[in-house]
Amino acid sequence: MYMQVLDFTVRSNETLNDQNHLIKVAPAGNEVLPEMQPGQFVQILVDNSPHVFLRRPISINFVDKEKNEIWLLIQKVGEGTEKICAIPGGGIMNLIYPLGNSFTIPERKGKYLLVGGGVGTAPMLFLGKEMKERGIDPEFLLGGRSSKDILQRSDFERYGTLHCTTEDGSLGEKGYVTHHSVLKEKKYDYIYTCGPKPMMVAVAKYAHDHGIECEASLENLMACGFGACLCCVEKTVRGNICACTEGPVFNINQLTWLD
């Protein structure tokens with residue numbers, strides 16, 4: 001699979017809350033999208049900014065093959081993402097894509113739990129869709145500070161059972177994702193996770209302690225996307241490696257989180 005550099009037209013830019021936008025884009029020249037996998041990401045060029053020189057890495061949230069469009073869930077955390085979220089419908093966005101490796105999509109039915117926190121829920125929707133299309137019914141466990149931070153709930157419910165936790169108890173069970181009762185009630189065959197590192201480490205330790213295979217999508221700073229800048233180096237059992245080229249998805253046994 002080769003990465004491409006291409007202009008995309010913004011088909012829609014939806015404000016989900018005060019921090020997050022859902023932006024749907026399609027190739028400006030109507031080129032057919034290549035095959036993409038859950039866990040991969042794009043690098044977005046930030047135009048018209050004298051202070052932002054590097055592209056911004058964003059997980060692929062969803063691929064709609066029928067509409068030939070990519071969904072991008074973007075959180076405003078600085079000038080770069082502020083500029084991206086301000087691109088109106090009809091505007092142009094330049095992407096390098098698809099980048100990185102992907103989650104392992106199961107080939108047989110089983111009990112699969114997809115755990116996301118904050119904007120780290122983004123790749124879980126695409127992964128759940130791919131599982132559903134293979135006849136697998138995933139379960140989602142999403143966490144946030146409050147109900148407004150649990151995004152795209154109706155989309156997740158389309159592809160599997162949705163469980164939620166919020167720190168203030170405004171939606172689902174109160175607490176963190178690792179506190180949810182479903183983890184005490186069920187035994188899963190495989191767990192996938194993406195979100196803030198402390199959350200992923202807690203999920204990884206839960207999986208390890210219960211003998212469950214687990215994959216994590218790292219959110220290290222990926223300034224270039226192809227291993228040149230070394231901003232995203234992660235310590236692993238094989239030494240220090242670039243998360244953008246060797247990841248962003250890793251089996252937790254490759255990481256040093258369990259030491």
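Anything mentioned here points back to the structure above.
Residues numbered from 1 in each chain as written. Predicted model: local features only at pLDDT ≥ 70, side-chain atom pairs only at ≥ 80, totals over all residues. Heavy atoms only, no water.

Caption draft 1: Molecular detail of the pattern of salt bridges. Within the structure shown, the criterion is met by 11 salt bridges. Between Asp155 and Arg158 there is a salt bridge, with the nearest N and O atoms lying 3.1 Å from each other. Here Asp155 pairs with Arg158, and both are found in helix 3 (residues 153-159), just 3 residues apart, close to one helical turn. On the basis of relative accessibility, which here comes to 12%, the residue Asp155 falls in the buried class. (Salt bridge = Lys/Arg side-chain N within 4 Å of Asp/Glu carboxyl O. Helix = DSSP H or I, 4+ residues; strand = E, 2+ residues; numbered from the N terminus. Buried < 20%, exposed > 50% of the residue type's maximum accessible area, 1.4 Å probe, protein only.)

Caption draft 2: Structural context of the pairing of strand 2 (residues 20-27). Within strand 2, 7 of the 8 residues are buried, which leaves the element mostly enclosed by the surrounding structure. Bridging between strand 1 (residues 4-15) and strand 2 involves 7 bridges; their strand directions are antiparallel. Paired with Val10 across the two strands is Val25, which belongs to strand 2. Counted between consecutive antiparallel strands, the loop separating strand 1 from strand 2 contains 4 residues. With 6 bridges connecting them, strand 2 and strand 5 (residues 69-75) associate as antiparallel partners. Each residue of the ladder has a partner; that of Asn20, found in strand 5, is Gln75. (Pairing = 2+ DSSP bridges.)

Caption draft 3: Focus on the packing of aromatic side chains. Evaluated as defined, the whole model comprises 6 aromatic pairs. Here Phe62 and Trp71 contribute two aromatic rings whose centre-to-centre distance is 4.5 Å and whose plane-to-plane angle is 35 degrees, an arrangement assigned as tilted. Aromatic side chains Phe62 and Tyr159 sit 6.1 Å apart centroid to centroid with 40 degrees between the ring planes, which places their arrangement in the tilted category. Placement of Phe62 in strand 4 (residues 56-64) and of Tyr159 in helix 3 is noted, with a sequence separation of 97 residues between them. (Phe/Tyr/Trp six-rings, centres within 6.5 Å; stacked < 30°, edge-to-face > 60°.)

Caption draft 4: View of the layout of surface pockets. Volume-wise, the largest pocket comes out at about 1,000 Å³. If you trace the largest pocket, you find 39 residues lining it, with Gln75, Gly117, Val119, Pro196 and Glu219 closest to the centre. Of all elements in the fold, only strand 4, strand 5, strand 8 (139-144) and helix 5 (197-209) reach the threshold of two or more residues within the lining of the largest pocket. With 4 residues, the top contributor of residues to the lining of the largest pocket is strand 4. A class-by-class count of the residues in the lining of the largest pocket yields 19 nonpolar, 15 polar and 5 charged. (1 Å grid on protein atoms, 1.4 Å probe; cavity = no way out; pocket = protein on both sides within 12 Å on 5 of 7 lines; lining within 4 Å. Points joined across faces, edges and corners; volume = space filled by probe spheres on them. Nonpolar A, V, L, I, M, F, W, Y, C, P; charged D, E, K, R; others polar.)

Caption draft 5: Main features of the sheet that holds strand 12 (residues 213-217). Strand order in the open sheet formed by 7 strands is 10-9-8-7-11-12-15, and the pairing between neighbours is mixed. With one partner strand each, in any of the chains shown, strand 10 (173-174) and strand 15 (249-251) form the two edges of the open sheet. Sheet topology places strand 7 (residues 112-117) next to strand 11 (residues 190-194); 5 bridges connect them, and they run parallel. For Gly116, the partnering residue across the bridge sits in strand 11 and is Cys194. Across the sheet, helix 2 (residues 122-133) touches strand 7, strand 8 and strand 11, and the angle it forms with strand 7 is around 160 degrees. Contacting strand 7, strand 11 and strand 12, helix 5 runs over the sheet at an angle of about 170 degrees to strand 11. (Contact = heavy atoms within 4.5 Å. Axes fitted to C-alpha atoms, helices over the stretch in contact; angles between N-to-C directions.)

Caption draft 6: Structural detail: the nonpolar core. The biggest cluster of nonpolar side chains holds 32 residues, and the ones touching the most others in it are Leu113, Val115, Leu141, Leu183, Ile191, Val203 and Trp257. Of all elements in the fold, only strand 6 (92-99), strand 7, helix 4 (182-185), helix 5, strand 12, strand 14 (239-242) and helix 6 (243-246) reach the threshold of two or more residues within this core. At 7 residues, the largest contribution of residues to this core is made by helix 5. Setting aside residues up to four positions removed in sequence, Leu141 forms contacts with Leu113, Leu114, Val115, Gly116, His163, Cys164, Thr165, Val177, His180, Val182 and Leu183. One finds Ile23, Val42, Val46 and Ile87 within the second-largest nonpolar core, a separate group that totals 24 residues. (Core = buried A, V, L, I, M, F, W, Y, C linked by side-chain atoms within 4.5 Å.)

Caption draft 7: Highlighting helix 5. Under the 1.5 Å per step criterion, the end-to-end length of helix 5 is 18 Å for 13 residues, consistent within 8% with the ideal 18 Å. Buried within helix 5 are the following residues: Met199, Met200, Val201, Val203, Ala204, Tyr206 and Ala207. Against the buried residues of helix 5 lie strand 7, helix 4, strand 11 and strand 12. Within two residues after helix 5, Gly211 carries a phi angle of roughly 65 degrees, on the positive side. (Expected span 1.5 Å × (residues − 1).)

Caption draft 8: Focus on empty space enclosed by the protein. This model, assessed by the stated rule, comprises 1 cavity of 30 Å³ or more. Of the volumes computed, that of the largest cavity is approximately 40 Å³. Lining the largest cavity, in full, are Leu113, Val115, Leu141, Val177, Thr178, Leu183, Ile191, Val203 and Tyr206. Those elements that place two or more of their residues in the lining of the largest cavity are strand 7 and helix 5. Taken together, the residues that form the lining of the largest cavity break down as 8 nonpolar, 1 polar and no charged.

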